[in-house]
Number of protein chains: 4
Amino acid sequence: MTTEQSPARTPERQAFYDHIAPANLAPLWERLHSLVTAEPHPAALPAIWHYREVRPHLIEAGGLITAEEATRRVLMLMNPGLGGEASITGSLFAGLQLILPGEIAPAHRHTQSALRFIIEGHGAYTAVDGERTLMEPGDFVITPSWTWHDHGNDTSEPMVWLDGLDVQLVNLLNASFAEGYPESTQPVSRPEGDSLARFGHNLLPVDWHPAVKTSPVFNYPYARSREALAILAKNGAPDPYHGHKLRYVNPATGESAMPTIGTFLQLLPAGFNTQPYRSTDGTVYVAIEGEGETRVGDTVLRWEPRDIFVVPSWLPHAHHAAREAVLFSFSDRPVQEKLGLWREARGNA
Amino acid sequence: MTTEQSPARTPERQAFYDHIAPANLAPLWERLHSLVTAEPHPAALPAIWHYREVRPHLIEAGGLITAEEATRRVLMLMNPGLGGEASITGSLFAGLQLILPGEIAPAHRHTQSALRFIIEGHGAYTAVDGERTLMEPGDFVITPSWTWHDHGNDTSEPMVWLDGLDVQLVNLLNASFAEGYPESTQPVSRPEGDSLARFGHNLLPVDWHPAVKTSPVFNYPYARSREALAILAKNGAPDPYHGHKLRYVNPATGESAMPTIGTFLQLLPAGFNTQPYRSTDGTVYVAIEGEGETRVGDTVLRWEPRDIFVVPSWLPHAHHAAREAVLFSFSDRPVQEKLGLWREARGNA
Amino acid sequence: MTTEQSPARTPERQAFYDHIAPANLAPLWERLHSLVTAEPHPAALPAIWHYREVRPHLIEAGGLITAEEATRRVLMLMNPGLGGEASITGSLFAGLQLILPGEIAPAHRHTQSALRFIIEGHGAYTAVDGERTLMEPGDFVITPSWTWHDHGNDTSEPMVWLDGLDVQLVNLLNASFAEGYPESTQPVSRPEGDSLARFGHNLLPVDWHPAVKTSPVFNYPYARSREALAILAKNGAPDPYHGHKLRYVNPATGESAMPTIGTFLQLLPAGFNTQPYRSTDGTVYVAIEGEGETRVGDTVLRWEPRDIFVVPSWLPHAHHAAREAVLFSFSDRPVQEKLGLWREARGNA
Amino acid sequence: MTTEQSPARTPERQAFYDHIAPANLAPLWERLHSLVTAEPHPAALPAIWHYREVRPHLIEAGGLITAEEATRRVLMLMNPGLGGEASITGSLFAGLQLILPGEIAPAHRHTQSALRFIIEGHGAYTAVDGERTLMEPGDFVITPSWTWHDHGNDTSEPMVWLDGLDVQLVNLLNASFAEGYPESTQPVSRPEGDSLARFGHNLLPVDWHPAVKTSPVFNYPYARSREALAILAKNGAPDPYHGHKLRYVNPATGESAMPTIGTFLQLLPAGFNTQPYRSTDGTVYVAIEGEGETRVGDTVLRWEPRDIFVVPSWLPHAHHAAREAVLFSFSDRPVQEKLGLWREARGNA
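Every value quoted in this text rests on a predicted model; they were computed, and no experiment measured them.

Trainee: Would you explain the overall build of chain A in this entry?
Mentor: When helices and strands are tallied, chain A shows eight helices and 24 strands. In terms of overall size, chain A behaves like a compact globule, its C-alpha atoms giving a radius of gyration of 22 Å where 349 residues would be expected to give roughly 20 Å. Counting over 349 residues, chain A shows a buried share of 64%. Here chain A has roughly 11,500 Å² of accessible surface; of this, 51% comes from carbon and sulfur atoms. Distance between charge centres in chain A, computed from 27 positive and 40 negative side chains, equals 5 Å.

Trainee: I'm lost on the relation of the copies chain C and chain B in this one. Help?
Mentor: Both copies of the chain are related by a screw-like operation: a rotation about an axis and a shift along it. Of the transformation placing chain C onto chain B, the axial shift is 0.0 Å and the rotation is 180°, giving an RMSD of 0.0 Å. The operation mapping one copy onto its partner corresponds to a two-fold rotation axis. Measuring from the rotation axis to each C-alpha of chain C, the shortest distance belongs to T253(C), at 2.3 Å. Mapped onto chain B, 100% of the interface residues of chain C are again interface residues, and the two copies thus contact each other with one and the same surface.

Trainee: Help me out: how do you make sense of the pattern of salt bridges in this one?
Mentor: As a working rule, side chains carrying opposite charge can pair if their charged atoms are close by. In the structure shown here, the tally under the stated rule is 76 salt bridges over all chains. In this structure, the salt-bridge partner of R346(B) is E344(B), at a minimum N-O distance of 3.2 Å. A salt bridge links R73(C) to E103(C); the nearest nitrogen and oxygen atoms lie 2.5 Å apart. You can see R73(C) sitting in the loop between α4 (67-70) and β3 (74-77) and its partner E103(C) sitting in the loop between β4 (93-99) and β5 (104-110), a full 30 residues away along the chain. One continuous salt-bridge network, built from bridges that share partners, spans D207(A), R333(D), E337(D), E344(D) and R346(D).

Trainee: What is the right way to read the packing of helix α1 (residues 11-20) of chain C against helix α3 (residues 51-64) of chain D from this model?
Mentor: Packed helices, taken two at a time, are described by the angle between their axes plus the distance between the axes. Taken N-terminus to C-terminus, the directions of α1(C) and α3(D) make an angle of 165°; their axes are 11 Å apart at the nearest point. Judged on the interaxial angle alone, α3(D) and α1(C) are roughly antiparallel. Along this stretch, α1(C) crosses α3(D), giving a crossing that reads as left-handed. Note on element contacts: α3(D) touches α1(C) through H57(D), E60(D), A61(D) and L64(D), opposite E12(C), R13(C), F16(C), H19(C) and I20(C). The residue makeup of the contact of α1(C) with α3(D), split by class, is four nonpolar, two polar and three charged.

Trainee: Which parts of the structure should I look at to understand the interface of chain C and chain B?
Mentor: Quoted interface sizes are often the accessible area lost when the parts come together. Counting residues at the interface gives 35 residues for chain C, matched by 35 residues for chain B. In total, chain C and chain B occlude about 3,300 Å² of area from one another, counting both sides; carbon and sulfur atoms represent 56% of this. On the chain C side of the contact with chain B, N202(C), L203(C) and V206(C) bury the most area, a combined 23% of that side's loss. Run the count over chain C and chain B and you get four salt bridges. Remark: the boundary between chain C and chain B carries 13 residue pairs in polar contact (both at pLDDT 80 or more).

Trainee: Just checking my understanding: could you explain the interface of chain D and chain C for this structure?
Mentor: Tallying the contact residues gives 86 residues for chain D and 86 residues for chain C. Here chain D packs against chain C, burying approximately 7,500 Å² in sum over the two surfaces, 67% of which is carbon and sulfur. Counting across the chain D and chain C interface gives two salt bridges. For E69(C), the salt bridge is made with R13(D), and the minimal N-O distance between the two is 2.7 Å.

Trainee: For this particular structure, what's the right way to read the packing of aromatic side chains?
Mentor: How two aromatic rings sit relative to each other is set out by the distance from centre to centre and by the angle between their planes. Evaluated as defined, the whole model comprises 61 aromatic pairs over all chains. A ring pair is formed by W148(B) and Y181(B), whose centres lie 4.9 Å apart and whose planes are at 75°; its orientation type is edge-to-face. Of the two residues, W148(B) is situated in the loop between β9 (140-143) and β10 (149-152) and Y181(B) in the loop between β12 (178-180) and α6 (194-199); the sequence distance between them amounts to 33 residues. Here the aromatic residues F117(A), F140(A), Y220(A), Y248(A), F328(A) and F330(A) are joined through ring pairs into a cluster of three or more. Cation over ring: R343(B) sits above F177(A), and NZ or CZ is 3.9 Å from the ring centre. Geometry around F264(C) places K245(C) over its ring, the cationic atom sitting 5.0 Å from the centre.

Trainee: Would you mind showing me how to read the sheet that holds strand β16 (residues 262-268) of chain B here?
Mentor: In a beta sheet, neighbouring strands are held together by backbone hydrogen bonds and run either parallel or antiparallel to one another. Spatially, the seven strands line up as an open sheet ordered β2(B)-β21(B)-β18(B)-β23(B)-β16(B)-β15(B)-β13(C), and their pairing is antiparallel. Two strands lie at the open edges of the sheet, namely β2 (47-49) of chain B together with β13 (203-205) of chain C, each paired on one side alone. Each adjacent strand pair in this sheet contributes to an overall mean axis angle of 25°, direction not counted. Of the strand pairs in this sheet, strand β18 (residues 283-289) of chain B and strand β23 (residues 325-331) of chain B are connected by six bridges, and their pairing is antiparallel. Along β23(B), the bridge assignment pairs E289(B) with V326(B).

Trainee: What am I meant to see in the environment of G123(C) here?
Mentor: The topology assignment puts G123(C) in the loop between β6 (114-120) and β7 (125-128). Those residues in contact with G123(C) that sit more than four places away from it in its chain are L134(C), M135(C), E136(C), T155(C) and M159(C).

Trainee: Can you help me understand the environment of W49(A) in this one?
Mentor: Among the secondary structure elements, W49(A) is positioned in strand β2 (residues 47-49). Distance from W49(A) to H319(A), taken between C-alpha atoms, is 17 Å for residues 270 residues apart in sequence. Those residues in contact with W49(A) that sit more than four places away from it in its chain are V54(A), L77(A), M78(A), N79(A), I88(A), D307(A), I308(A), V310(A), A23(B), N24(B) and L25(B). A polar side-chain atom of W49(A) sits 3.4 Å from the main-chain carbonyl oxygen of A23(B).

Analysis parameters
Residues numbered from 1 in each chain as written. Chains lettered and ligands numbered in written order. Predicted model: local features only at pLDDT ≥ 70, side-chain atom pairs only at ≥ 80, totals over all residues. Heavy atoms only, no water. Helix = DSSP H or I, 4+ residues; strand = E, 2+ residues; numbered from the N terminus. Rg over C-alpha atoms; globule rule 2.2 N^0.38 Å. Buried < 20%, exposed > 50% of the residue type's maximum accessible area, 1.4 Å probe, protein only. Areas by Shrake-Rupley, 256 points an atom, 1.4 Å probe, with all protein chains shown as cover. Lys, Arg positive; Asp, Glu negative; His and termini not counted. Charge placed at Lys NZ, Arg CZ, Asp CG, Glu CD. Least-squares fit on C-alpha atoms with pLDDT ≥ 70 in both. Contact = heavy atoms within 4.5 Å. Salt bridge = Lys/Arg side-chain N within 4 Å of Asp/Glu carboxyl O. Axes fitted to C-alpha atoms, helices over the stretch in contact; angles between N-to-C directions. Parallel < 35°, antiparallel > 145°, perpendicular 65-115°, else oblique. Left-handed = near helix turned anticlockwise from the far one by under 90°. Nonpolar A, V, L, I, M, F, W, Y, C, P; charged D, E, K, R; others polar. Buried area = accessible area lost by both parts, 1.4 Å probe. Polar contact = N/O pair within 3.5 Å; in protein donor to acceptor, adjacent residues only side chain to side chain. Phe/Tyr/Trp six-rings, centres within 6.5 Å; stacked < 30°, edge-to-face > 60°. Lys NZ or Arg CZ within 6 Å of the ring centre and 35° of its normal. Pairing = 2+ DSSP bridges.

Here it is, written out as structure tokens:
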């Protein structure tokens, strides 16, 4: 079925197609090969955003609009293959958010889940359900679906992070809800660090049961995650396809920290080349440490710290680390796994 | 956030937007209100396909192309709000498939999961993984993701069923794989009815564990499902919002029979009016028995047996059964539930 | 560790043991080999109760005490290896219950889960949570933990069934609760067959979620289970160790019908010999149809319909069916599986 | 049913009982009230072992037998109500293990799961599946079911820990397997701390899936757990029944760290009195810090650091902390929860 062409469109058939169109009918056989493809053909393209080039634009945006007026002052990373859709992969949104000293991004909530991966700055906060967490570069912060959240920068320097959201997925499902909070910030009801202490030490409150699918830990500090990678790198050999790669988990279930977005952290030793690999989850990477390049099909993306790049679904790719490198990444892998759709292939096969 | 308009597009800002566009950057604040909406705004519209009107087109298609040439001779039900997308709701595909006496729809497999809900004819078969099941009106048949399947009609009458597939969802995730089988039909390795006996009697083989997320029962015969409804209708009062409504389950897990598509069967007593209800899963209905109407917002859809209609996400709707009616329906509800996105509201609130 | 003897008990050591005993202390090394054994050494012995021999005793009991006075008129099947413990295996209780025409076994509830496997009689009822089910030979009926249940015989003939309960397990865990109902029978609030229609047709009520771990189907009729076995026996070859063997499942989860007791039904073709097999779950069998024998170690148990026999943990055993035979069986296998303890071995190894 | 006495034992009935006994039959109604009790009646008694009293016995044992000869030099904590059974509660074993400088407790494995809660000494090791962990007071160490494990003390001081095992449970199920390792110690294949780095930082290896039900983290260091408690104690009010109480979890599933034994850590502020509470899981406590007393029914158990005490099933109890106290505890709660048997009651009701 998949290698053949569509059936010939004879005049008789075309007349039939025209005839039935007003009845909201159309022939599948004219579209089958594009709807059900032999392999994924993502429209998304490999692409990279060099932070040294994007940062001036962000700062310029900081002068053109306030965080308050913008609600969220974010420059979206527009995948060049997606024709103006607000997407970096088929299902996911990514953008760089800037919040200047003294600014507040006002409280709201929405069904879209969001991750914040901290790029620049020290000590601005994200508040989720009454608890503020202070953010440092490399921290992975979650604002779960339908939780009130706001951001504020009480420091003296700009704060920038990468936003990742499941916008296209929620919209395909027609499941978007959002509302603003009556005030610009929500009240603080728990001290900083409470969630991490309560849920993040391989212990859970004795009578607590998770009510939602998102991790109760909403800041995974880089210091702690990096320490795990350092020990693994010291203790054993890297995986040929991934180096030393860990996935962030919800400690209440062992599943992904967010139900719709998988998040990962990997260390590539200096000089290491990963073997070609592909999977069906188009993936967004952030380089945190080191420098190197990622070959995606015929495209070579050279990265250094704070750069962001995307590898679309099913494109074979391999990483090379010129210096010891750490990459954060995220994708819709948990969605695909829950639905029985995720696939990977190792090597050039 | 959600009630406000986008910020003013000053000339200075517009210049900035134009300037950053080549860097694959764009301002979120121009798009925020359309990306993250206060409530679902599905593009899909309520619509109905009356079988008495569609059937002649199907029969005409039967004269224009063979099942073999078409691979699948299906007239797609095109939601009039979706601008030519091959979709009946945002995430789902529906089409009516005709297979004439003596025809074969050749064997293939794909990652898209498909349901077949039988509309007309008696005794054509669907083969899945070496077992053929004979189909009768009202039967709910599954061809699971990545299983070889073919259809054939050895009877003397046309056979028509409704196809439901997760095409848009799989494509958003860029996870489509498909391949044709070397022959037009796969060999039969197990007798008819084997799966139902093995998995469908509230017993499971002692050492069997499910390897996939789809039900091992691949034909849920209408006779059996209808019997359950009849007993419930005799035994108790209908639910005000749903009448007597059951969901098809995977007996190995208690979850939905298909991982991406939820399927339901409900009985509405003669004269019964359901109360207004809405949920985030746009739903496709097939009237099996009885007649009545469904009010969706301001649209009234009058249905009789074999008619197919669609209620988009979050539109309040209510059913009225003029005579005792049975409706089959399907939606992406299990996807939304797994991702923590599904919502419903009862009444006009 | 496991092949050695305990350390020598020198006078000095013995004096120490005597010295510390009043402090509620004792040396593990004196007991280690009996507490942690190299293999299971069940005290239970293989044994059989021939119904033709037990029935007269049951009938005699019927003349000595009423069901009402006895609460439950049950003759316990006492494993001859267990020294008067009310057990048929290490963890499970079995007994034969007789209820005469016109009698009632009064309503009560307890945390112990009970199964009833019907041996003789037609049409007496078990009531569970407001629904009565009529019992026929071969039916597998559950009275779940902490549900009100009573039994009554409105027919003209004696009714006998096998009771299986998790008594020893609940007692080891010190988790027994029980209470009597104010009346001898509970009111009937749902028609006969309601649960089976609602939960047993591979469909579940659309908004129902299981609140307990026991199956919502509380009578698995033999007619239906036997039909599944008949089809399997017609369709394929028997498993060398089990014949055609199915396990009863909770349709809401795919797990065992009862959380503490696994239940199974198997067909052995006429003349079939199973290969030697053993597992850690001591198992109680009921012969329903056919005749044959089961060799357990050096013991041969010859059975015919209605006979009950027990195979203790880890004893190799093999069945021979002289005529086509159907065996019901139950064990604590789901407990062992949930705790990661269950093991099996095939063949004589 | 539960408040009544057993039926009268008339001579005629007694004759019948005597008559059927050789047929391995006995009347349930004579035993029903002791088998199925209205409430738990644990034979176990509240008891305490003061470390200052037990330690001299342990040291004396150190002079009477080597760790090697004893296999495990453990003084069992014998519940005074259990008549010489090697049990501290109905289902669980506890003992104090001593390993002297230079000694090895030789490698073996068994299906019983064991916990080690460190009481005294610094830096002896437990090796599990090729990794050694160094032990400090307050650490909770697991040797999972059927994993090779050995212990060694390369330090200059005695090391003492509390062993907790599911011995009675495994024996009730007749599921004990054990074997010795050919050498006294197993080879070390992974560096110290590898498991904690790999599994204990709210991250998991990207392609790892748990193969067993026990946590892959096998040492939960006290320093880390205590830090969590300290933050909770600073941040909020204690629960009236538990103070600040956390349960150790398997980060791969969110379930208990061990499938058969639940483990807990709780902080009681100085001067705090918990409200009366009871649950069906008989519980063993170790006082780590502080001092206080626990009233169990009419018994008062006064504890100080390193003391061990037991609260049997369903006995109301309340803690009083004279000074800020930390208690470790373990019970069979996860078993009861998996089987649907666990109950608790708050207050004196």
